[in-house]
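Survey of secondary and tertiary structure
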Amino acid sequence: MGWRTMGADGYPAGLAANPTTAARIQRFDHIAIAVRSLGAAVPLFRDVFGGQFVMGGDDVPLGIRTAMFKLPATVKVELLEPLSEQSYLHRYIERHGEGFHHATIFVDDVEATIADLEAAGYEVVDTDLQEPHWRETFVRPSSGHGCLFQIVNSELGWLEPHPHCTVEDVVAGRWRWWRSQVWHVDHLPSGYRE
């Protein structure tokens, strides 16, 4: 059995307690999966797993299309599709195949987390602290035990589904990411640039 079912009878007496830590992590937000086709991947996450579509769109400067699904509670999966053969994601899929791309963790203070990571010998890359609604850095896979970690600080809520963005419109290319928000192509804000 064990401690879950037997309590103190599930382990030897006299063991030291498992220490608690003061983590900067607010929550584990999502994992991202690189796919060749959102249209081919959506049925698994929506229809079979029962994921609720949250939002998505094209990030034209990065050359990717995304679709985020919320599974029960607060777990999310972000599907990433390259928009062209020039996309970094296309090259990634050619080298590694479809599958795990990164994990996103929300923290209370991204600058302090960067300092902690670097002090502990971890390498961070692609840090962007300019966007007030989505401040991020990445722990390089060679430093993150083979995993790319996206470390984010954001005051916005990311669990609530967009009221009008549908996965069908995202797959058709009708939504764009810009400044940490999704915008319909017929209603792009002034200053939008690809």
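In short, a report on the structure. (Residues numbered from 1 in each chain as written. Predicted model: local features only at pLDDT ≥ 70, side-chain atom pairs only at ≥ 80, totals over all residues. Heavy atoms only, no water.)

With that settled, the discussion passes to the nonpolar core. By size, the foremost hydrophobic cluster in this structure holds 25 residues, and its most contacted members are F53, F69 and L79. Within the residue set of this core, elements represented by two or more residues are helix 2 (38-48), strand 2 (52-59), strand 3 (64-70), strand 4 (76-82), helix 5 (167-171) and strand 9 (175-178). Contact partners of L79, with chain neighbours within four places excluded, come to I33, V35, L38, A41, V42, F45, R65, T66, A67 and F69. Grouped together as the second largest cluster of nonpolar side chains are eight residues, V110, L117, V124 and V139 included. (Core = buried A, V, L, I, M, F, W, Y, C linked by side-chain atoms within 4.5 Å. Buried < 20%, exposed > 50% of the residue type's maximum accessible area, 1.4 Å probe, protein only. Helix = DSSP H or I, 4+ residues; strand = E, 2+ residues; numbered from the N terminus. Contact = heavy atoms within 4.5 Å.)

The next point concerns the side chain of Q150. Positionally, Q150 belongs in strand 8 (residues 149-153). Among the polar contacts made by the side chain of Q150, one reaches the side chain of H102 at a distance of 3.4 Å. Leaving out residues up to four positions away in the same chain, Q150 has contacts with H30, H102, A103, T104, I105, W134, E136, T137 and F138. (Polar contact = N/O pair within 3.5 Å; in protein donor to acceptor, adjacent residues only side chain to side chain.)

A word on a nonpolar patch on the surface. Taken together, L44, V48 and F49 make up a surface patch of nonpolar side chains, about 290 Å² in accessible area. Inspection of the secondary structure puts L44 in helix 2. Owing to a relative accessible area of 38%, L44 belongs among the partly exposed residues under this scheme. (Patch = residues over 30% accessible without salt bridge, like charges linked within 9 Å, V, L, I, M, F, W, Y side chains within 5 Å. Areas by Shrake-Rupley, 256 points an atom, 1.4 Å probe, with all protein chains shown as cover. Salt bridge = Lys/Arg side-chain N within 4 Å of Asp/Glu carboxyl O.)

Taken as a whole and judged by the stated rule, the model has 11 salt bridges. For E123, the salt bridge is made with R140, and the minimal N-O distance between the two is 3.1 Å. Of the two residues, E123 sits in the loop between helix 4 (110-119) and strand 6 (124-128) while R140 sits in the loop between strand 7 (135-139) and strand 8, which places them 17 residues apart along the sequence. Take E123: its relative accessible area is 37%, and that puts it in the partly exposed class. A salt bridge links R174 to D169, with the shortest nitrogen-to-oxygen separation between them at 2.6 Å. In this structure, a network of salt bridges that share partners links the residues D58, R65, E81 and R176.

Below, the discussion takes up the environment of A13. Mapped onto the elements of the fold, A13 is located in the loop between helix 1 (3-6) and strand 1 (25-34). Measuring from C-alpha to C-alpha, the distance between A13 and V125 comes to 46 Å, with 112 residues separating the pair along the chain.

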